[in-house]
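# Architecture at a glance
Chain residues, written in single-letter form:
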Amino acid sequence: MKRFVSVLACAVLSACMLTSVACENETKSDVILFAAADVVSTSFEGLGVDWGVYEDVNKLAVGSWEKTLSAVDRLKPSLVRCMTNLDWLVYDLDDKGTADLNDDEWKYNFKNKYMKNTCDILDYCQDNGIKVAFGVWNVVGNPDPELDVWKMIPNSTSDVRWAKMTADLMEYLLKNKGYTCIKWFVNTNEPNYVGNVGASKNAYNNYEKWKTGVKNVSAEFNKRGLDLDIVGGDVTASGTGFSDYLMGVARELTDYADNYGVHLYVSNYLIDTGSFCDSIKSSYDELKAVDPKIGKEHRFIIWESGLLDGKNVTTDCNSYIANYSYGIRMADFTVQSLLAGANGICYWDLDDAMHFMYTESGMTAKEWGMFSTLSSASPLKQELRPWYHSSVMLSNLLTAGSTIYGGTYEKSQSFRTLATVSKDGKNGGIVAINRDSEAKTVTFNVEKSVDSDGKLYVYVFNERNLRLDGDGFVVPNAVIDGSLNDNVKLELAAGSVTIVSTKQL
Amino acid sequence: MKKIIIALTLITAALLITAGCVEQENVKNELTVPIAARSGEISSFSLINPTDGEEVMVLPEFTWQKAENADRYEIEVASSADFSQTDDAVYVKKTGITDTHFTLYSTIKEKNVTYYWRVTAVNENNRKRSDTGTFYLKADESEIEFDVNYADEWTVHEQGSAATVSVDDSDFFGNGKNSLVVSFVEEDVKRGIPSSDGWIVITHSQETEMYGVNAFFFNFYYSGNDADVYLRVVDEDNEYWHAQIKLATNAKQTVIIRFEDFELRTKGGTTIANQVFDYNYIKYVELVFEKSFGDGVAMMSDLRAIKYENYGHLFIDSVNFANIAPENVVHDNYNFSTEIKDDGKTLTYGFSGAANENNAKGINGYGFVKYTINKLLVNGDAFAFGLECEGNINSATVLIRLIEEDGDRWVYRQKVSLIPEDKKLVVPFMAFTLSEYHGDASRQFYYVKQLQFGVEGVYSTGSITVSDFRVTSLSDEIANLYVSEIDDNGLIDDFNGYGNNVDPYYKWKLSETNKDEAIAIDKELAFGSGNTCVKLGYKADMGQAMYGTMFASPTKEYNALSLWAMDRSVKSDNAAFNYLDEVCAQMIVSLYVSTGEEYYAAVDAVAKYWTEYVIAFSDFTLAEGYYGNVTPLASENIVGIKIGFQYYYYAKSGTLRIPSPTYISNNYVYIDNVGFTTAEKSGKRELMHKLVPSAENGKVCVVEDFDTATYDTLSFKGERGYDYEVLTLSERTASGEGQSLIMGYRGKNESVAYAMATVFDTSVEANCVKFLLKGDGKATVYINIYMLYAGTTYKYRATLTAVSSEWMVYTIGFDNFQRVEGKEEIYLIKDKVQYITKITFGIVNGADDEDSEIILDKLTFDGTLSDRQGYKINSIEDYEGQL
């Protein structure tokens, strides 16, 4: 009996050990668990796109606006950054013959094609619950002093007229037009990028002037009861963009600006090696040291995002946007940014037709978009580009209010992943990026209970595996019964983005 | 038992293990996601829609049959059958399609093209391609309207002059549409920036496909100073193509410009690509104003791209007189009658010189029969027609008058005596001269309100027949157009051999950059007896007026250009120009070499009297824009010449000013004997002398005393060319010393006319003409004084009857000269002497038909006539040894 007990104990122990080893191996080596401890963002504003006022709608192909809306419908952005140009809207400056800028008067034209296009965009955002950062590219006037009648450029946004005219514009949009979708005001684009005198409207700008402008604008907004916050910076996050503007916001403007707004265009190398995440995290942590509310009440939002490789400086186009690899890298960009703590990302940009490069020989489209609605564009450029589809997948999955989980796994240059659970806990998904040249089998598990409808939709993005329906929009590669709370075992194709979602994207 | 125990133990262990696993499975189900594609042989399949060769207006939904074992499909659409992906080819490929249908997101702008498409079914191991299908993407070829309803859609070019753009909704043109209004003011267009003064560009971007259309149509209105206005478009490869809008100032115009009339703009660093007007796709439409000095406004409405052929009813290419009812005959001094023959192609208008209610004397006047046209002229640069005259009307002039859209009236004068033998004429539009202006006085022969056919100078009964009147192109009608032969002496043109008025227009091409360009053969001011010269017009505030000809063959070994020139530019009578002292033409002579390079030389102020200019080739400058290995200016390389004029003026301070946009109209420069020569260096030689007060008496100016004259330098010459029009230098003088001039004539024949061109210095203070005359007791002598003032020729006449056969001193006060040409308010007074251009003596005698003569001497302009007696004195006094 003693022997029996001994053998039995041994058998039980053996069985227990066998079981234990199996689970431990599974957990440590093959299952990536997204647990509560892995949360990287709870103040997530979602993903979006830069959808600026079109510089010339007359260049659009017939019927293209409907196509644009159908593309945005499917993209379902949570955020839109919409920039306009006040030069299009103000005219007839009367300086009263005095040097006092306070008595200057001017007129507005809110009935032209630019405002019509503005309203077309904002109507859509308002109807679809999209949060908008609305702003003005630059101060009013001509960079060439000989041709400049406004003389606003030297003082930039600290010019007393700036606050008045931007408040007039925003009052018109919020009160007259009712665009409550506008949540933030962008006090000019990239104020830290000064450029050259005579060519750039920012040539004389600096943080102090911009800060004064922010305060003036904010005061004017408050005076008029406009519920708007200001994007803190909207700067390129390097050099003075970080040291002056973002740190300046952290130190002294958090009462005015409720988010740190950065523009990030990065190299493939930074993305491919995964070091982009560390890079952002480093800046993020520096800001956090000054402003502990960053990532929570004070969101960190990348209002412009893109990749530097493939950029032609002369034409301001990126020839790589037509490639699947751009979509994979932008997905990687997204994952790394969110893992580093970013609370939202806008992709630069929606449509090639929005912005132009002006040269002696004419104007050429800045090709950064997910498609082109220019009637002059070749059919190939008009088609939805691959990175539109990867963006659709991400944007539909990573919705505003979701919790983002970083997951626990062995760090690798070629693999990144995150999971998300929607605010109501009914949906969620996993994003897995395999940058390796070999397929990789990984099992995922989301710890938090996701009360989905029992279906999982699997999408794979790369040139070989992307699937489109007859209308050219993405469809899942597979649909299976199951839950994110199951161990979801996936073979991740080489060089792919795989998304598992509890809903169709 | 032991075995049983072992077995139990193992079973228990297995159960425990199983239990553990079951417990684990309940917590985490393991799901393996199958995303592998299908495999196996793929069946053949066919394309369904569009059917092969189907004509479609927009890209269709592509559909195809399902292929067995297909996992996904790829679709390709291309403009080439081999689906090539070259830069200029259309190629689209979409992959990963799970349905058996697909709609492209894109559009294709290249229309009226056959496209090819095919589908490839794909699975894990195999691919199967369909046959290639085709479809024809057809363009919408209806008219295209361009929006002019929003001023904001049009931007004013920042580098140019300022302008205001607005929209007028008052139905200004009566077409039920809004009008774009472009207005500008002088202070804005003259900002002192040479490159942009008067240059205004209004741009509307509108990426537009234009198929099946070949012209622009629009309504246009312009009011302002003379300006060049262009409609400009930017085509697909960013080239700027422009066509000038032929302005009818202050008139509501209908403008149609064919695409074929657009020219590539190459100045200002604009894009040069394929140099083809790719109008199937345009990016911008622009209005461009050049030289728009001063206030101005332009309006444009109903801008459309059209099919030119559909607007044929707006055009006229030939006149069918039967289809147009003649208007009332106007200025009918001649008892007009009209007859239409040959299905309307021939108009005969008869007349008589008998007196009627319009013309009591029945000997002079003019008359027209008018045909209202109100149509655009088809493209052309000349009218061709037959012209025959009956009756004794050799001295008459046929008049063909055209009224433009803005009301300006232009006339072509054809002397009956010079009608070619074949009775066919080809009259360039440029040969029409302005007879009356109600608009901008610019030749705008693209729209005809009215054509008028008339006659003047008729003294008897006759008829004129005009047949097959049509618009044509000179190049289709005239051989060796704009080509000159250079004679053995290097002479390019002495302007003596032209038969008809229009002939110089066949040899000399006008640049049409200056609205006063015109060539007129002139005898009156030509230098030398029996000589003719050419009178070339230009307007001050426009581009150079240029006259050019190409050479039929290379020249000899010359090294200089020679020409005679005399400037007759005049200062406007507008008080605004009082600050000017003297105006004069700048002459720019350009020589072109065989490889196209232009060399030019300028004469800054052409002399006011005949002067020979010799310009050595070494003083010519290579024009801007030619670099590198240029062909040198050597006579064997020279293939053409262009003579241009623009305006210079001197302030009273004597300072020479640069060309200024100051309005002076009807300026002329007289040119003669253009040719090549040999000269060591440039220089000039005065052929005439300026008439100045005499040294003895500042109020007396001796015009001509003939004492030192020779036949080579004789200032007087016969103008009519009759065999009895003979001049002789004679020693028969009143004093018995020096020389006089014998002027021959024939009784009962047309008057002779002996003329002397003059140029008076401003210091001459004359109020009468004084001369010695010895007649034959029966002749009537007409003394005519011609004056060119503010662009108008004036003619004043004094008449002496039964001129004494003795030497007599004649003193004729200016007031005794009657004006027979020119405006009423301008008188021949002492302040106007400087504008006198010619003095003529005409002689007639109705008493007999004998050859006779009148002797002239000591012709002076005199300022000593007593004011107390007024100028109304004809003094005829015996000669007493002094004049």
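Residues numbered from 1 in each chain as written. Chains lettered and ligands numbered in written order. Predicted model: local features only at pLDDT ≥ 70, side-chain atom pairs only at ≥ 80, totals over all residues. Heavy atoms only, no water.

## Quick notes on the overall build of chain B
Of the regular secondary structure elements, chain B holds four helices and 60 strands. A burial count over chain B gives 55% of its 883 residues as buried. For chain B, contacts bridging at least 24 residues in sequence account for 76% of all contacts bridging at least 6. With an accessible surface of roughly 38,700 Å², chain B has 45% of that area assigned to carbon and sulfur atoms. (Helix = DSSP H or I, 4+ residues; strand = E, 2+ residues; numbered from the N terminus. Buried < 20%, exposed > 50% of the residue type's maximum accessible area, 1.4 Å probe, protein only. Contact = heavy atoms within 4.5 Å. Areas by Shrake-Rupley, 256 points an atom, 1.4 Å probe, with all protein chains shown as cover.)

## Here's the deal with the sheet that holds strand β21 (residues 281-290) of chain B
Residue and element names in this part refer to chain B. Sheet architecture is open: six strands sit in the order β12-β15-β21-β17-β18-β20, paired in antiparallel fashion. Since the sheet does not close on itself, it has two edges, and those belong to β12 (154-156) and β20 (263-264), each with one partner. Across eight bridges, the pairing between strand β17 (residues 228-235) and β21 is antiparallel. If you follow L231 over to β21, its bridge partner there is L287. (Pairing = 2+ DSSP bridges.)

## Digging into the pattern of salt bridges
Inspection of every chain in the model, using the stated rule, returns 60 salt bridges over all chains. For K164 of chain A, the salt bridge identified is with D168 of chain A, shortest N-O distance 3.3 Å. Residue K164 of chain A and its partner D168 of chain A are both found in helix α4 (residues 160-176); the two are separated by four residues, about one turn of the helix. Since its relative accessible area comes to 38%, K164 of chain A is described here as partly exposed. Of the charged contacts, one joins R732 of chain B and E853 of chain B as a salt bridge, the two residues approaching to 2.8 Å between their closest N and O atoms. Note that R732 of chain B is positioned in the loop between β50 (727-730) and β51 (740-746) and E853 of chain B in strand β59 (residues 851-862), a separation of 121 residues in sequence. (Salt bridge = Lys/Arg side-chain N within 4 Å of Asp/Glu carboxyl O.)

## Details of helix α3 (residues 113-127) of chain A
Residue and element names in this part refer to chain A. Its 15 residues place the ends of α3 21 Å apart at the C-alpha level, agreeing with the 21 Å of an ideal helix rising 1.5 Å per residue. Of all the residues in α3, the buried ones are K113, Y114, M115, N117, T118, C119, I121, L122, Y124 and C125. After α3 finishes, the residue G129 shows a positive phi value of roughly 65°. (Expected span 1.5 Å × (residues − 1).)

## Thoughts on the packing of helix α2 (residues 64-75) of chain A against helix α11 (residues 386-397) of chain A
Residue and element names in this part refer to chain A. For the pair α2 and α11, the least separation of the axes is 8 Å and the interaxial angle reads 45°. The angle between the axes of α2 and α11 places the two elements in the oblique class. Between α2 and α11, the residues in contact are S70, A71, R74 and L75 and Y388, S391, V392, S395 and N396, respectively. By residue class, the composition of the contact of α2 with α11 is four nonpolar, four polar and one charged. (Axes fitted to C-alpha atoms, helices over the stretch in contact; angles between N-to-C directions. Parallel < 35°, antiparallel > 145°, perpendicular 65-115°, else oblique. Nonpolar A, V, L, I, M, F, W, Y, C, P; charged D, E, K, R; others polar.)

## As for the interface of chain A and chain B
Every contact between the two is made by 63 residues of chain A and, on the other side, 53 residues of chain B. The partner of R464 of chain A in a salt bridge is E124 of chain B, with the nearest N and O atoms 3.1 Å apart. On the surface where chain A and chain B come into contact, there are 24 residue pairs in polar contact (both at pLDDT 80 or more). Of all the elements in the fold, those that place two or more residues in the side of chain A that touches chain B are α1 (2-30), α2, α10 (379-382), β20 (440-446), β21 (455-461), β22 (478-481) and β23 (487-492) of chain A. Class assignment for the residues of the side of chain A that touches chain B results in 28 nonpolar, 19 polar and 16 charged. (Polar contact = N/O pair within 3.5 Å; in protein donor to acceptor, adjacent residues only side chain to side chain.)

## Description of the environment of Y558 of chain B
Residue and element names in this part refer to chain B. In this fold, Y558 is placed in the loop between β39 (545-551) and β40 (560-567). Its relative accessible area of 14% is what places Y558 among the buried residues. For Y558, the side chain forms a polar contact with the main-chain oxygen of D488, separated by 3.1 Å. Among the polar contacts listed, one links the side chain of Y558 to the backbone oxygen of N489, at a separation of 3.5 Å.

## Quick look at the domain arrangement of chain A
Residues and elements named next belong to chain A. By the assigned domains, chain A splits into domain 1 (32-40 + 406-501) and domain 2 (45-397). Its C-alpha centre places domain 1 at a distance of 31 Å from the equivalent point of domain 2. Summed over the three residues of domain 1 that lose the most area to domain 2, namely R435, F461 and F473, the buried surface amounts to 28% of that side. Counting across the domain 1 and domain 2 interface gives three salt bridges. With a shortest N-O distance of 2.8 Å, D332 and R435 are connected by a salt bridge. On inspection of domain 1 and its partner domain 2, the count reaches five residue pairs in polar contact (both at pLDDT 80 or more). Listing elements by their share of the side of domain 1 that touches domain 2, those giving two or more residues are β18 (415-421), β19 (428-434), β21 and β24 (496-501). Partitioned by chemical class, the residues of the side of domain 1 that touches domain 2 number 16 nonpolar, 11 polar and five charged. (Domains from an automatic or database assignment. Buried area = accessible area lost by both parts, 1.4 Å probe.)

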